[in-house]
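# What the coordinates show
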Amino acid sequence: MSTNFTPAFYNGTGSSTTGFYIIAFDTLDNKNYLILVLSLIYICTLLGNLTVLLVVFLNPSLHNPKYISVCNLAVVDIIMNSVIIPQMVPVFVFNWNFISFQACFTQMFFMHYFGDLESFSLAVLAYDRLIAIYFPLRYSTINTNMRISVILAVIWAAVFCMEMYAVALAASLPYCASRIVRSCCCEHGPVYILACADITFNRKLATAKTLFVLFGPLSFIFITYIIIVIAVQKIASAKQRKKAFNTCFTHLLLVFIYYLPILLAYILGNLRLVRSPDLFTAILTVSVTLPPMLNPVIYSLKTEELSEKIMKLAGRHKTSPESIKRVSS
């Protein structure tokens, strides 16, 4: 999938220029260590999420709505970190910090597109848990593979249109002042503020979009778990209640890991608790790239069904006591 933006750009004298210069971490000591950490995060992101995708693909028993949602999150995680991290190595290690207009706005689109999808993917997982617990006997008929696929397709299409509009609007602005983007990549905010035109609408759009993308899914997840808690309390057996809560724990952990670092980073920035812009950019970058690495690890360790399949795939599956009894009998 490719996205091309070809607006006209001008400087103050009417001559055209060709792009931006990404500048960040200039005042940050040992910035190469940060790049090394991010590179390790990226490698772990690839290994973990590709393992999840492979295990689900090779096991027909996992071809169900829950794991379709998990695979969707894995794909989003891989692409999200692939858009952000690899391009940082030549920029901040080799100082190849020039980026063309077309490449900048293309990167902006994909970075925000898959960042938004990360948030909505967690909401889809909450929906799956709600149906599984609130309608346990009708789960297979309500939440079919086709239905969850349609839901995901609608989300991908809706987010595509939303981000396409915001990025195309930013790309249509005239850029005649500074070409220095003070960020680790072509983020929407640090780019459109460089325009030599009225950016009031762009600013309002960016704020509205951020609130919708972050707090829309978070509100849905919150309401979902209120309903789940009420439903679980009606279950007579304490063992069944514990089992129901355990099935939700993994997803809640993913939500916590995704939202907490981002919210803390924005709080630190808005309250000016971090004075250095470079340090704030570094904190925000790690906050955004860390969840895609941790998601497959959490699912592998906390989901018994998936962890057993991974152990079998790796050839380290231990024989269970039940299977020993069956062999001995």
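Note that the structure is predicted; figures quoted are calculated from it, not measured.

Here we come to the state of the cysteines. On inspection of all chains with the given rule, the structure shows 2 disulfides. Here Cys104 connects covalently by a disulfide to Cys186, the sulfurs 2.1 Å from one another. Its S-S torsion of about -120° marks the bond between Cys104 and Cys186 as left-handed, since a negative value means left-handed. Residue Cys104 is found in helix H4 (residues 101-134), and its partner Cys186 is found in the loop between strand S3 (180-181) and helix H7 (188-192); the two are separated by 82 residues along the sequence. For the pair shown, Cys104 and Cys186 are each scored as buried. The partner cysteine of Cys176 in its disulfide is Cys196, sulfur to sulfur 1.8 Å. One end of the pair, Cys176, is in the loop between helix H6 (145-171) and S3; the other, Cys196, is in the loop between H7 and helix H8 (200-233), with 20 residues separating them in the sequence. Residue Cys176 is classed as partly exposed on the basis of its relative accessible area, which comes to 28%. Numbered in order of appearance, the disulfide-bonded cysteines of the protein are paired 1-3, 2-4.

A ring pair, where both rings are aromatic, is described by two values, the distance of the centres and the angle of the planes. Overall, the coordinates contain 18 aromatic pairs when judged by the stated rule. Consider the rings of Phe20 and Phe105, whose centres lie 6.1 Å apart with planes at 75°: the pair is edge-to-face. Of this pair, Phe20 sits in strand S1 (residues 19-22) while Phe105 sits in helix H4; the two residues are 85 residues apart in sequence, bridging distant segments of the chain. In this pair, the class of Phe20 matches that of Phe105, namely buried. Seen in terms of ring centroids, Phe109 and Phe160 are 5.3 Å apart; in terms of plane orientation they differ by 80°. Their pairing is edge-to-face. Of this pair, Phe109 sits in helix H4 while Phe160 sits in helix H6, and the two are 51 residues apart along the sequence. Each member of the aromatic cluster is reached from another via a ring pair, and the members are Phe109, Phe110, Tyr113, Phe114, Trp156 and Phe160.

Here the focus is H8. The terminal C-alpha atoms of H8 lie 49 Å apart, and with 34 residues this matches the ideal 50 Å at 1.5 Å per residue to within 8%. Phe215 marks the point of greatest bend in H8, at about 25°, and the proline Pro217 comes within the next four residues.

This paragraph deals with the nonpolar core. Phe20, Phe25, Met88, Phe92, Phe105, Tyr175 and Val191 are the most contacted members of the largest nonpolar core, which totals 56 residues. With 14 residues, the single largest contributor to this core is H4. Among residues more than four places away in sequence, those in contact with Phe20 are Asn97, Phe98, Ile99, Phe101, Cys104, Phe105, Tyr175, Arg179, Val181, Val191 and Leu194. With 31 residues, the next largest nonpolar core counts Val56, Tyr67, Leu214 and Ile228 among its residues.

This next bit is on the confidence of the model for the protein. Summary statistics for the protein give a mean pLDDT of 82 and a share of 87% for residues scoring 70 or more. Ignoring residues within four places in sequence, the model shows residues 1-16, a span with pLDDT below 50, making 35 contacts including any to other chains. Confidence over residues 319-329 falls short of pLDDT 50; this stretch has 1 contact with residues more than four positions distant or in other chains.

Rules used throughout
- For every chain, the first residue of the written sequence is number 1, and numbering continues from 1 onward in sequence order.
- Totals for whole chains, interfaces and linings use every residue, but because this is a predicted model, local features are given only for residues with pLDDT of at least 70 and side-chain atom pairs only at 80 or more, for both listing and counting.
- Heavy atoms throughout the structure, all of them, feed into the side-chain values; hydrogens and water do not.
- We call a pair of cysteine sulfur atoms a disulfide whenever their separation is within 2.5 Å.
- The helix and strand labels rest on DSSP assignments: H or I over at least four residues marks a helix, E over at least two residues marks a strand, and numbering proceeds from the N terminus.
- Exposure classes here rest on a 1.4 Å probe applied to the protein chains alone. A residue is buried below 20% of its type maximum, exposed above 50%, and partly exposed in between.
- Only Phe, Tyr and Trp rings are paired, with Trp represented by its six-membered ring, and only when their centres lie within 6.5 Å; those with planes under 30 degrees apart are stacked, over 60 edge-to-face, the remainder tilted.
- One less than the number of residues in a helix, times 1.5 Å, gives the span that helix is expected to have.
- The angle between axes fitted to the seven residues ending at a residue and the seven residues starting there is what we call the bend at that residue.
- By nonpolar core we mean a set of buried residues, namely Ala, Val, Leu, Ile, Met, Phe, Trp, Tyr and Cys, connected to one another through side-chain atoms within 4.5 Å.
- Should any heavy atoms of two residues lie within 4.5 Å, those residues are counted as being in contact.
- Confidence of the predictor in every single residue is expressed as pLDDT, which spans 0 to 100.

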